[in-house]
Structures are given as structure tokens and as C-alpha cells.
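Architecture at a glance
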Amino acid sequence: MTFNDFDLHNELQSGLRDIGYKEPTPIQEESIPAILNQKDVIGAAQTGTGKTGAFVIPIIEQILKDPSEHTQALILSPTRELAQQIDEQIFALGYHTGISSANVIGGADFSKQAQAIRAGVDIIVATPGRLIDQTKVLDIDFSHIKYLVLDEADRMLDMGFLPDVTKIIDKLPKERQTLLFSATMPAQIKNLAKKIMKQPVKIEFEVSTPAESVEQHAYQLHPNKKVDLVVHLLETLEWESCIIFSATKRGTDKLERTLNKRGINAGSIHGDRDQDERNKALNAFKNKTTPVIVATDVLARGIDIANVSVIINFDVPRAVDDYIHRIGRTGRYDKSGIAITLVSRNDGKYFHDIRAKVKDQLKEKDLPDALKRGDSKKKSSRRKHTSSKPKSKKKHQNTETDKQQSKDTSASSSQKPRRRRKPASPQSKGQKKQEKKAKRDSAKKPKPDQKKKARENKRKEPVSSQSKEQSSAGNVIPAERIKKATKRNQNSPKPAKGIWGLVKSFLPKIGK
Ligand code: AMP
């Protein structure tokens, strides 16, 4: 079968040729005719199967058949990156068609998005939170929407977006075509589908199993050996680009720093970064300026980056589905790839579940000799090292959940690497002096109840009214405010010094 069989507009065919799609992928083969036949569609397909094209191609075709000056299609996506990616596909496929689209996502220019919405672009690709925010400011006319797409519906559910999605759907015309794509079909998604869809055609491809094209390896090792193994793998494997998944935002930052120190050009991405930083990191990775990216699961789903040759699970994912999604970043449609999981003793249970799912698709590997040799040496020095420092408690709360990533709500202060206290040094004269000084200082320190008050006041500080997504950049003082503040300072007269200053300070009063 070729795309010619769908009898698509020539302009759209040109777009398909431009981006090198010769024949439809299996999911496209089934969903394109169904959507062109005005059917609602539930698509359950593995990532990397061409699912974006499966809905973008027929939507563009339908709009070409019946153009309008109003927005006709609304595509909702759980993450900003996925929304951007969908928008990019619309741009590429629709390049010769004149079809317009806007990306309405958090962290990007609010007023530009508002302009695009007002102008009535053909297709809006949005994250639910930002679209809801826009509806608070704009009187958006949804009455001409004919196509609604819920992409990665299960993920939207995981992220707690369902109430926002439902609010948006309530504003749409009842007479519309609804397309829902989801890797898994939990009961809540099935219920939602029942409520909002009309006799949907179900297109199911085996989900939750990794693509055959991904070679899967695992290494059992001590956590302290993980960085060495990563460096070794990157030095010995043949690869173009590599994603390393870490469980926490803090872990992501730390690993990026460590790898760079070890001479590996790596960037990083996680939900605490503002959108600009996320875009920069992703673009640098896509154009291979930084061929390695360390990421949390924010990069695990839906993101399409060509030629990712290696996936490394620095931490074993906590759910089998996350494993499937992570390794699905490689071996994308018609390509092959390798996924390597580093398993330490604490990961045993999670690894067991993954193993049970993928069975002998996953091969356990022996540590390379170079790392085995270093084992005993490093262990003894490590023991010495740790004995002088207090053991830190495990911090499960740092594990980044999908919800945290998407809404970017977690306080960035929690991401700051904490410094360990220096171990106590032997008693010395200097130290005794310092102790005396500390005693004197402590007299000046606020008393406990003063401290408590200060903490309470801090808590009472007003929270920004901006959207949840915008608040991710909450630590950054808006440029406008900086500008205003600095302007004010520049305008205020500089105090003159010395006697002349004293005289000058009285002059205006004398003048009056
Ligand atoms: P998706 O599942 O939409 O993220 O797509 C995965 C990858 O397959 C992307 O790199 C697409 O550009 C590519 N792709 C989608 N459809 C086709 C097609 N018909 N022919 C070749 N590549 C495709």
C-alpha cells in the first residue's frame, strides 16, 4: 500500500514526499481511512509506530477538503515536548498546503499564543493546563472545532490532567470527530472514551511490549560502578546519540556534571527546567551538539528524535510500562537500537518485573574486565571515605513523578545539591577560638520563636497567580521587574559624598 491509495491532496502528498514517508505504517494504514470516513478512532499503538502521522495526515486532508477561517482541530498532548513535536509534523506535512497551526503550551509566550488563537489558526496543539489558562483570559470560540485528538491519553490521566481535559471537552461542539491515542487502556480511559466518543473504531496493535528492533542488555553492578560503566559503554559502543534515564531530577543534574567532568559532552533535561532551557537542551541533542542527554521520564514518551542509538537506564524504571517507553526512544520505525539497564541490588524487585515481561529479549551481560578489576580497589577506598561521613537517608520524595514533571510544581529549591557537612577535624587552638566566637555569635542569632515567626511569614508570602506550568520558573525574577527595578535605581540621584554632599543635601530644602 502507498499513500496514493488514500487519494490525498497533491499538496499533502508533496509534504509526505518531503519528509520521506513512502508508505503508511500499519497504524496509519488502518487509521487514515477510518478517520477520512469520519469515524471516531481509538488507537492503541506502541510509540514509534507513526501514530502522529496516523491522525495528522487525515486531519490535514479533511481541512483541505473543507477549509474555514476558524480553528477546526484541537490536539491535546500531555507534555510540551510532545506538543511541539506534533506541531512540527503538522508544519512539515502541511508545508505546501497553507494550513496553519499554533502550539499553546506552558513556558512559551502567552500573548503570541493568544494572537494565534484569535487569528483562528486551522489547528491548535495544546497542553491542557495552558489552554485552560488561555480560556480564562480569552473568549475562545470553540464552536467550529470538528476534530479533537487526545494524544497519549493514559499519560494525561497519570499526570492528573483529566479534570482539565474534561473542562475543555465540555466547551467543544457535541458534533465532532474524536480521536484518542493511548499506549495503555486503563479503566478510566475506557470510561472517558465511552462518554466522549461515538461508536469508535478500535485500532489495536500490541502495546506494552518493546519493539523487536531494540537489543536489550542488563548489567548487575554496585551503584558506585554505574558511572564507570556508562563511560566504558560510550567509549566502546558504536553510537550516534544516547539518552541516559535517571530516576530523579537531582540525579539527572549530578550525572550530567559527572559525565562532563569525565569528558563526555552531555546535556540534561527534566521537569524543573524552564521551557527555554528544555528547548535548548533538546535542540542541542537533536542536532548532536550534545550527543548525550541525561533525562528523567519527561523524555520517555512520545518524543521522536531520529537516530537515538543507545538508551541507558542509569536507574531501573519503577514500572514496566516506563521501561517499554524509555527503550522505545530507540529502534524507532525501521531503525535498530540498543537499550542497556544498570541494575543494582536495590533495583532487584523492579528489574524482576521487567524481566518477567520482556523475558529472553533481555540479555544479562558480564561487567567488562576493566571494571571488574577496579572493583576491590575502589571498594576499600570507598569504605574509608564513607566511614568519615554520616550516611544520608534515602530520599524517595525526590523521585520525579509524571505529575511533578508536567506541572512543574516541585520547588526548584529541593533540587539544589545539598552540601555535606565537613567531618569534624581534630581539636586545635584555632578551633577553641572558633568555638568561643560561635558562642558569642549565637547570642546574636534569632531565638527559636523568632525563627519560627520568620518561617511562618515566609509561608504566608503570596503565591504567583500564574499558571502551574509558568510557575516552574518561579525562582527567576521576571525580566520586566528587573528592568523596572534597575531603572528606578538609575533615576534616583546618587548621594554626594563629604561636606559638599552635606551642603547639597540641604540645598533643595533651602530653595524651598
Ligand atoms: P511517531 O510514532 O509518530 O512518534 O513516529 C515515529 C517515527 O516514525 C517518526 O520519526 C516518524 O517521522 C516516522 N514515521 C512516521 N510515519 C512514517 C512513514 N509512513 N514512513 C516512514 N517514517 C514514518
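Residues numbered from 1 in each chain as written. Predicted model: local features only at pLDDT ≥ 70, side-chain atom pairs only at ≥ 80, totals over all residues. Heavy atoms only, no water.

Turning our attention to the overall build of the protein chain. A tally of regular secondary structure across the protein chain gives 20 helices and 14 strands. Sorting the 512 residues of the protein chain into buried and exposed places 46% on the buried side. The contacts in the protein chain between residues at least 6 apart in sequence include a share of 77% that link residues at least 24 apart. Counting only carbon and sulfur atoms, one obtains 51% of the accessible surface of the protein chain, whose full area is about 29000 Å². (Helix = DSSP H or I, 4+ residues; strand = E, 2+ residues; numbered from the N terminus. Buried < 20%, exposed > 50% of the residue type's maximum accessible area, 1.4 Å probe, protein only. Contact = heavy atoms within 4.5 Å. Areas by Shrake-Rupley, 256 points an atom, 1.4 Å probe, with all protein chains shown as cover.)

Non-glycine residue E152 carries a positive phi angle of around 50°. Tracing the chain through its elements places E152 in the loop between β5 (147-150) and α7 (153-158). You will see that K359, though not glycine, has its phi angle at about 50°, which is positive. With respect to the helices and strands, the residue K359 is situated in the loop between α14 (348-358) and β14 (362-365). Assessed through its relative accessible area of 54%, K359 is described here as exposed.

Time to look at the sheet that holds strand β11 (residues 292-295). Strand order in the open sheet formed by 7 strands is β10-β11-β9-β12-β13-β8-β14, with parallel pairing between adjacent strands. Every interior strand has two partners, whereas the edge strands, β10 (266-269) and β14, have only one. Mean inter-strand twist for the sheet, computed between neighbouring axes without regard to direction, equals 20°. In this structure, β10 lies alongside β11, joined through 4 bridges in parallel fashion. Residue pairing across strands places G267 opposite I293, the latter belonging to β11. (Pairing = 2+ DSSP bridges. Axes fitted to C-alpha atoms, helices over the stretch in contact; angles between N-to-C directions.)

Residue alternation in β11 divides its side chains into two sets, V292 and V294 and I293 and A295, and both sets are buried. As judged from the 4 bridges shared by strand β9 (residues 242-245) and β11, these two strands associate in the parallel manner. Paired with F245 across the bridge in β11 is A295.

Strand order across the open sheet formed by 7 strands is β3-β4-β2-β5-β6-β1-β7, with parallel pairing between neighbours. Looking along the sheet, the strands with just one partner apiece sit at the ends: β3 (101-104) and β7 (201-204). With strand direction ignored, the average angle separating the axes of adjacent strands in the sheet is 15°. Here 4 bridges tie β5 to strand β6 (residues 177-181), and the two strands are oriented parallel to one another. Bridging from a neighbouring strand, Y147 pairs with Q177 of β6. Helix α4 (residues 80-93) contacts β2 (73-76), β3 and β4 (123-126) of the sheet and is inclined by roughly 175° relative to β3. With respect to the sheet, helix α6 (residues 128-137) is in contact with β2, β3 and β4, its orientation differing from that of β3 by roughly 100°.

With that settled, the discussion passes to a negative patch on the surface. Among the surface-exposed residues, D5, E23, E29 and E30 lie close enough to one another that they form a single negatively charged patch. Looking at E29, the relative accessible area reads 36%, which means it is partly exposed. (Patch = residues over 30% accessible without salt bridge, like charges linked within 9 Å, V, L, I, M, F, W, Y side chains within 5 Å. Salt bridge = Lys/Arg side-chain N within 4 Å of Asp/Glu carboxyl O. Lys, Arg positive; Asp, Glu negative; His and termini not counted. Charge placed at Lys NZ, Arg CZ, Asp CG, Glu CD.)

We now examine the pattern of salt bridges. Evaluated as defined, the whole model comprises 18 salt bridges. Residue K51 pairs with D151 through a salt bridge whose shortest N-O separation is 3.1 Å. With K51 in helix α3 (residues 51-65) and D151 in the loop between β5 and α7, the pair connects residues that are 100 residues apart, well separated along the chain. Judged by relative accessible area, D151 falls into the buried class, the value being 0%. When the shortest N-O distance is used, the salt bridge between R273 and D253 registers 2.4 Å. On the criterion of sequence distance, the pair formed by R273 in the loop between β10 and α12 (275-286) and D253 in helix α11 (residues 249-261) is long-range, its members being 20 residues apart. Overall, the relative accessible area of 17% leaves R273 in the buried class. Among the ionic contacts, a cluster of salt bridges with common partners joins K226, D315, R318 and D347.

When you line up the elements, N283 lands in helix α12. Exposure remark for N283: the relative accessible area of 44% places this residue in the partly exposed category. Along the primary structure N283 and I305 are separated by 22 residues, whereas in three dimensions their C-alpha atoms are 9.8 Å apart.

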